[in-house]
Amino acid sequence: MSTTAVPDVAVAPVDEGFWTRTRKVGLVLVALGLLATVLFGALATDATARFTLSEDAAGAALEIHGTFGAVLFGLITLAAGGAMLAGPPKRWFIPLLAMGLVGFVLSFLCWQVSDAPAGQNFMPLVNIVRGTFLLALPLIFGALAGVLCERSGVVNVAIEGQLLMGAFSGALFGSISGNVWVGLVAAAIGGSFISLLLAVFSIRYLVDQVVMGIVLNLLALGITGFLYERLMQTDAARYNSAPRFSNWEIPLLSDIPVLGPALFRGNIFLYLALLLVLVIHIGLFRTRWGLRTRSVGEHPTAADTLGVKVLGLRYRNVIMAGAVAGIGGASYTLALFSFTKNMIGGKGFIALAALIFGRWSPTGALLAALFFGFADQLATYLGAINSIIPGQFLAMLPYLATILAVAGLVGRVRAPAADGKPYIKG
Amino acid sequence: MTTHPQPGSPDKEPASEEQAARTALGNTERAEPASTATPTQERRPTLGRLFLENLWAANTFTVTLLSLVLAMVVGAVLMIISDPKVLATYAYFTARPTDALDASWALVSKAYANLFKGSVFDPGATTLTAALSPISETLTYTAPLVFTGLSVALAFRGGLFNIGAQGQAIMGVILAALVGFLLPLPPGLHLLVAVLAGAVGGAVWGFIPGILKARTGAHEVINTIMLNYIAVYFLTWLIVQNGVQDPRRTDAISRRVDASAQLPRLFDDPLRAHAGIILAVLATWAVAWLLNRSTLGFELRAVGANPDAARTAGISVTRTYVLIMVFAGALAGLGGSQMVLGTTAAALTPLVVAQIGFDGILVALLGRVKPWGVAMAALLFGALQAGGNRMQSYASISLELVTVLQALIVIFIAAPALVKAIFQLRAARAARLQTSLAKGW
């Protein structure tokens, strides 16, 4: 056997030498900082960039001279990159990275806002924050569904289908019954239906989970599209006019500047999403159920040996995940729009990206979803001020970020060890 | 616990059907021990009896056929429950069941009859053109699916799950179209360059997840999903750029591909079948040769079966992963290029490649990831598409039903144990039905 000891060439980040991960990221930040300082600084105009604390140009605002702001924030990014190149202690990594990225974004915004057509040199922060959360909502629900599934070892590529089915059944049964709560329950059941199929086929019939997820997405697309054309298009008043949840204002909290109107005057789905993040986080890391779920996702054999019912737990979690995603789908049809064919349009896959980018944790998923929601909202804003940056490139950002993340360029992401592996007892 | 003991199987074709069924069913019920194993020893069966026995055994063909039947049954149920008039007859089912049955039969039979007439043969056709039309439509839809199906199947055999056929097809269609309307080349050569450009576009998009997998271990499923969407956004951005967008239009549509870069048609004008289907057959043959006869194919299968063993045997896993994805991408890119070079469309639109990449995954699974199987599966899917169009216009049953049927067929195929249980099939002796890889991220 000694002769066949071939070194592993594919993956082996052993001795990194001078170029540690911190230094590599530092180098990237320095490049970004230079880009921001020189390019954004040069392109920014003399106009004052105003970040208003309201929904329009009026009211109090944070103001900064366009060129000055772009250069200043670019230099901050540069400084963060430089500090990282110096090789600081490990605990400085996250703060410096955050500082660098925030500086880059602000520099970019200073350029864009100052460069906008005259009279539009302002960015209404309330709109931006509210839009970010609104666009992130289905992503949060979807990513949480992914967390529940994948933490217990079942890959969930069917998030898209679960969201779609939830949106559809929420709209359908909400319309027929005329009751939002019936719609909400129906949406959860609709999402669970897709989940149930995923669970049965991947746990009992051992079908590859990624394959099953892809096929279920198509199935959900087909079924909802088919029934949409047959029922909703022919009789929209009866089948596609679900009542909608109204916005609930939370006293006191809704008076906080910027965050108040954006966050605490939302509908039930916003509160539900934030609550679920908290509940699932505590559940996963502080309760017996969470410990069992994680052990089943990491090492099912060991869990089984200790008396955890692996398959039962997986069934339960996958079906719960479907309910969560189903409610996420209803956040469209029971609050914003009426159902249309393929209305989720790839959000399920961004949710999957958020799950991976957030490293399979509820809080990480929330942050990633907000980041992606912000990119989406920014694209809308830039479109409104006729920016030269095409919205499509901002829309690519979540996907690019995820590729960089899994390639190990921005820290290492690691899935639960038994994710996607069916458990066969014995 | 992931790989159940399997005495020295050199090929990745995993557990035999019998094993899979045993493991799948073993959780709840003990399989009746060897009840099917020894009837042949007692009396030499007649040929007819043997045929019948095999027909009702869980072999590839029977399971595929029964999956199709099951999918159509579910489809029929969907049609009935979504038709308020027919559904109303079920309200008094106990009083007069014939009403409900008649109405259901009329609805379902009309839909499926049109599905058949639109894809295979219309008995009411009077002219030769009308008689050939269904086949021509079927072949038109089949050609790109063969390519994307082969793309997914090839990667599968190398142990990689290429969900990115959609994105690769998009990059293929972009480059093919750009060559098609930007480069002024003589006839013949123009087509050749356009087709090759399509392959290059797909290959580049396949190379990225390949090299990331080989270098950093990043999972190709995640990366290919992400690249699909990046390609979509790139396409929607590109279409509205100067020089690409049709100058006479304000909506998102590009200029038309020159006639010199279009694939020649097989029949006369109203029939749409084009030379893409011939390329598809050639590609199938080439992939079959590559997989089964070439050194690269051997290395590819070895890496797919067990990358560690392959590495120990001196095969460069890194290089093989990259090559697999480049080839898979090129195939998907070729499939995509047909969407503008063929007769489906001649200009880029945001939805120009439709679903061919995702359908390719289904086609590959249905074809049991074997080249000729993929070609047959693509033919079935092409027929469903072509028939679906007629079903939509003649029986006013939404084309979406075809998506449902396709997904259901593959679900049933992927779980042969389920089909076996439903129809009480015998266990076939040498059938290999499991296509799943079950690797996770």
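All values reported here derive from a predicted model rather than from experimental measurement. (Residues numbered from 1 in each chain as written. Chains lettered and ligands numbered in written order. Predicted model: local features only at pLDDT ≥ 70, side-chain atom pairs only at ≥ 80, totals over all residues.)

## Comments concerning the overall build of chain A
Now for step 1: The helix and strand tally for chain A stands at 16 helices and three strands.
Now for step 2: Here the C-alpha radius of gyration of chain A, 24 Å, is about what a compact globule of 426 residues would show, namely 22 Å.
Now for step 3: Relative to its full complement of 426 residues, chain A shows a buried share of 55%.
Now for step 4: Pairs at least 24 residues apart make up 75% of the contacts formed inside chain A by residues separated by at least 6 positions. (Helix = DSSP H or I, 4+ residues; strand = E, 2+ residues; numbered from the N terminus. Rg over C-alpha atoms; globule rule 2.2 N^0.38 Å. Buried ≥ 20, exposed ≤ 12 C-beta atoms within 10 Å, placed from the backbone. Contact = placed C-beta atoms within 7 Å.)

## Some words on the domain arrangement of chain A
Now for step 1: Split into domains, chain A comes out as domain 1 (21-115) and domain 2 (129-406).
Now for step 2: With centres defined by C-alpha atoms, the gap from domain 1 of chain A to domain 2 of chain A works out at 32 Å. (Domains from an automatic or database assignment.)

## With respect to the interface of chain A and chain B
Now for step 1: Each side of the interface is counted separately: chain A has 54 residues, and chain B has 55 residues.
Now for step 2: Those elements that place two or more of their residues in the side of chain A that touches chain B are helix H6 (180-204), helix H7 (209-232), helix H14 (347-357) and helix H16 (391-406) of chain A.
Now for step 3: Among the elements that take part in the side of chain A that touches chain B, H7 of chain A stands out by supplying 16 residues, more than any other.
Now for step 4: Partitioning the side of chain A that touches chain B into residue classes produces 38 nonpolar, nine polar and seven charged. (Nonpolar A, V, L, I, M, F, W, Y, C, P; charged D, E, K, R; others polar.)

## Comments concerning the sheet that holds strand E2 (residues 61-65) of chain A
Residue and element names in this part refer to chain A.
Now for step 1: The strand order across the open sheet formed by three strands is E2-E1-E3, and the pairing between neighbours is mixed. Looking at strand neighbours, the two that pair on one side only are E2 and strand E3 (122-124), the edges of this open sheet. For this sheet the average axis-to-axis angle between neighbouring strands, irrespective of direction, equals 15 degrees.
Now for step 2: With five bridges joining them, strand E1 (residues 48-52) and E2 adopt antiparallel strand pairing. Of the residues in E2, the one forming a bridge with threonine 52 is alanine 61.
Now for step 3: Each of E1 and E3 is contacted by helix H4 (residues 125-151), which is oriented at about 45 degrees to E3, the strand it contacts most. (Pairing = 2+ DSSP bridges. Axes fitted to C-alpha atoms, helices over the stretch in contact; angles between N-to-C directions.)

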